Amino acid sequence: MSIQQMTVIGAGQMGAGIAQVAAQAGLSVRLHDLSEKQVEQGIAVIANNLARQVEKGRMEEREWAAVLERLQGEVDLEKAAGQADIVVEAVVENLAVKTDLFRRLDAICPAHAILASNTSSLPITEIAAVTKRPEHVIGMHFMNPVPVMKLVEVIRGLATSEAVFQAVEALARDLGKTPVEVNDFPGFISNRILMPMINEAIYALYEGVADKEAIDEVMKLGMNHPMGPLTLADFIGLDTCLFIMETLHEGFGDSKYRPCPLLRKYVKAGWLGRKTGRGFYTYE
């Protein structure tokens, strides 16, 4: 199963990162979003990332130009995905939005095309069920920031074919990533383990066990984590953390996944972390 043309849906931080590594790997990439402004911003982020690589001597200017030539922005979904060998969806983490998109992609894409979701927690099997090609639907969960992080969780849905799994696993390696096979359970592996740790750190703060700096220092110095859990939560986005905890809580029906009330309170206040300038910490 040859993959030459990739379409990435969503030009935000994750989508732009996926498009960048695909173009760097030699694929022809179309980056889609709802407006010209969003697409242009995504391509500008990619261009700036590559320019920094040139400045650091890690990439030659002609290579930088060649990567950008392989990248095309497109607002029209039919034009963006009509010739794709694989579509990687990186839109908002909302099941209704994703299933609606997959229905549309199913009607637009060639019969051989693989439909992949970058979801961090939602069920691949349920997303696949709205299409007429569930065997061609798979999860391809990249880590943030995509150009730096090596891991890709490759998630089989109930109907995902072996050929599609093998093709996506090979693609991940071609992108310079390390694929890890994961079955379709809430949160997969990464967020099933990471998010309860973050949630427990928030509980420790909520219950007054220690202040935020102390909690982060314990995990950095004692557990050798590069970033404390509360700092990491701010980086991920507290709304995203809350959504994933709610997905785990609903999916497993286990009280150990109950989101901390302090996390809910911060999200209701609009304190979502770095992207809003305030979360557990304050940012300029």
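Remember, predicted model here, so these are calculated numbers, not experimental data. Per chain, residue numbering runs from 1 following the sequence as it is written. It should be noted that, the model being predicted, local features are given only for residues of pLDDT at least 70 and side-chain atom pairs only at 80 or more, the latter also being counted only at that level, while totals for whole chains, interfaces and linings use all residues. Side-chain metrics rest on all non-hydrogen atoms present in the structure, leaving aside hydrogens and water.

1. Things to note about the sheet that holds strand β5 (residues 114–117)
Going by this rule: Any two strands with at least two DSSP-identified bridges between them are counted as paired. Per the convention used, a helix needs a DSSP run of H or I reaching at least four residues, while a strand needs a run of E reaching at least two, with both numbered from the N terminus. Only the contacting stretch of a helix is used when fitting its axis, a line to C-alpha atoms as for every element, and angles between N-to-C directions run 0 to 180 degrees. Contacts are residue-level and defined by heavy atoms, with any inter-residue pair within 4.5 Å sufficient.
Pairing in this open sheet of 8 strands is mixed, and the strands run β3-β2-β1-β4-β5-β6-β7-β8 from one edge to the other. With partners counted over all chains shown, the strands left at the sheet margins are β3 (71–74) and β8 (178–183), one partner each. Adjacent strand axes in the sheet meet at a mean angle of 25 degrees, parallel and antiparallel pairs treated alike. Of the pairings in the sheet, the one linking strand β2 (residues 28–32) to β3 comprises 4 bridges and is parallel in character. Along β3, the bridge assignment pairs Leu31 with Gly73. With respect to the sheet, helix α5 (residues 95–108) is in contact with β1 (5–9), β4 (86–89), β5 and β6 (137–142), its orientation differing from that of β5 by roughly 165 degrees.

2. A look at the pairing of β6
Where a strand is regular, its side chains alternate between the two sheet faces. Here is the rule: Burial classes: relative accessible area under 20% of the type maximum marks a residue as buried, over 50% as exposed, and values in between as partly exposed (1.4 Å probe, protein chains only).
By the criterion of burial, β6 is predominantly enclosed, with 6 of the 6 residues buried. Residues Val137, Gly139 and His141 of β6 are buried on one face, and the alternating residues Ile138, Met140 and Phe142, pointing to the opposite face, are buried as well. Looking at chain direction, β5 and β6 are connected through 3 bridges and run parallel. Among the inter-strand pairings, Ala116 is bridged to a residue of β6, identified as Ile138.

3. What about the layout of surface pockets?
Let me state the cut-off plainly: Throughout, the protein atoms alone are placed on a 1 Å grid, and a set of points is a cavity if a 1.4 Å probe fits but cannot get out or a pocket if it is open with protein on both sides within 12 Å along at least five of seven lines; lining residues have an atom within 4 Å of a point. Grid points are joined across faces, edges and corners, and a volume is the space filled by probe spheres set on the points. In the scheme used here, Gly and all other residues not listed as nonpolar or charged are polar, with Ala, Val, Leu, Ile, Met, Phe, Trp, Tyr, Cys and Pro taken as nonpolar and Asp, Glu, Lys and Arg as charged. Bear in mind that the domain bounds are from an automatic or database domain assignment.
In this structure, the largest pocket encloses a volume near 1,300 Å³. Where the lining of the largest pocket is concerned, the elements lending two or more residues are α1 (13–24), β6, α8 (190–206), α10 (229–236) and α11 (238–252). Residues of the lining of the largest pocket, tallied by class, amount to 20 nonpolar, 14 polar and 8 charged. Of the domains in this structure, domain 1 (5–183) and domain 2 (191–274) are the two that each give at least three residues to the lining of the largest pocket.

4. So, the nonpolar core
Let me state the cut-off plainly: Here, nonpolar core means buried Ala, Val, Leu, Ile, Met, Phe, Trp, Tyr and Cys residues that are tied together by side-chain atoms lying within 4.5 Å of each other.
Met6, Ile86, Met140 and Phe142 are the most contacted members of the largest nonpolar core, which has 37 residues in total. Among the elements that take part in this core, α1 stands out by supplying 7 residues, more than any other.

5. Comments concerning the pairing of strand β7 (residues 151–156)
What counts is decided by this rule: Looking down the strands as they point away from the viewer, one classifies a crossover as right-handed if the path from the first strand across the helix to the second runs clockwise.
Of all 6 residues that make up β7, 5 are buried, and the element is covered over most of its length. Across 5 bridges, β6 lies against β7 in antiparallel orientation. Considered in β7, the bridge of Ile138 is made with Arg156. One ladder, built from 6 bridges, connects β7 with β8; its direction is parallel. Bridge assignment links Ile155 to a residue of β8, and that residue is Val182. Running through helix α7 (residues 162–174), the crossover from β7 to the neighbouring parallel element β8 is right-handed.

6. Considering the packing of aromatic side chains
Two aromatic rings, taken as a pair, are described by how far apart their centres are and by the angle between their planes. Keep this limit in mind: A pair of aromatic rings is counted whenever rings of Phe, Tyr or Trp (Trp by its six-membered ring) have centres within 6.5 Å, and the orientation is called stacked for planes under 30 degrees apart, edge-to-face for over 60 and tilted otherwise. Any Lys NZ or Arg CZ that is within 6 Å of a ring centre and within 35 degrees of that ring's normal is treated as a charge sitting over the ring.
Counted under the stated rule, the structure contains 4 aromatic pairs. Members of the aromatic cluster, each reached through a chain of ring pairs, are Tyr266, Trp271 and Phe280. The ring of Tyr281 carries the charged tip of Lys212 above its face, separated from the ring centre by 5.5 Å. Of note, Arg278 hangs over the ring of Trp271, and the distance from its end group to the ring centre comes to 3.6 Å.

7. Observations regarding the pattern of salt bridges
Formally: A carboxyl oxygen of Asp or Glu within 4 Å of a side-chain nitrogen of Lys or Arg is what we treat as a salt bridge.
Following the criterion strictly, the structure yields 11 salt bridges and no others. Between Lys98 and Glu93 there is a salt bridge; the shortest N-O distance is 3.6 Å. Among the residues examined, Lys98 registers a relative accessible area of 1% and is labelled buried. Judged by its relative accessible area of 18%, Glu93 falls in the buried class. For Glu213, the salt bridge identified is with Lys212, shortest N-O distance 3.7 Å. Residue classification places Lys212 among the partly exposed residues on the basis of a relative accessible area of 24%. Shared partners join several salt bridges into a network, and the residues in it are Glu89, Glu93 and Lys98.

8. Some details on the UniProt feature "domain: 3-hydroxyacyl-CoA dehydrogenase C-terminal" (unreviewed entry) in the protein chain
Using the following cut-off: UniProt positions are given in the numbering used here, feature names are shortened, and annotations may be inferred rather than shown by experiment.
UniProt tags residues 187–283 as "domain: 3-hydroxyacyl-CoA dehydrogenase C-terminal" (unreviewed entry). Secondary structure across residues 187–283 comprises 62% helix and 0% strand; the distance between its end C-alpha atoms is 28 Å.

9. What about the domain arrangement of the protein chain?
The condition that has to hold: Accessible-area loss on putting two parts together, using a 1.4 Å probe and summing over both, is the definition of buried area adopted here.
Taken as a whole, the protein chain is organised into domain 1 (5–183) and domain 2 (191–274). Distance between the C-alpha centres of domain 1 and domain 2: 28 Å. Residue-level contacts link 6 residues of domain 1 with 5 residues of domain 2. Buried surface at the junction of domain 1 and domain 2, both sides included, amounts to about 510 Å², of which 62% is carbon and sulfur. The largest share of the area that domain 1 buries against domain 2 comes from Glu93, Ser120 and Ser121, three residues that together contribute 59% of it.

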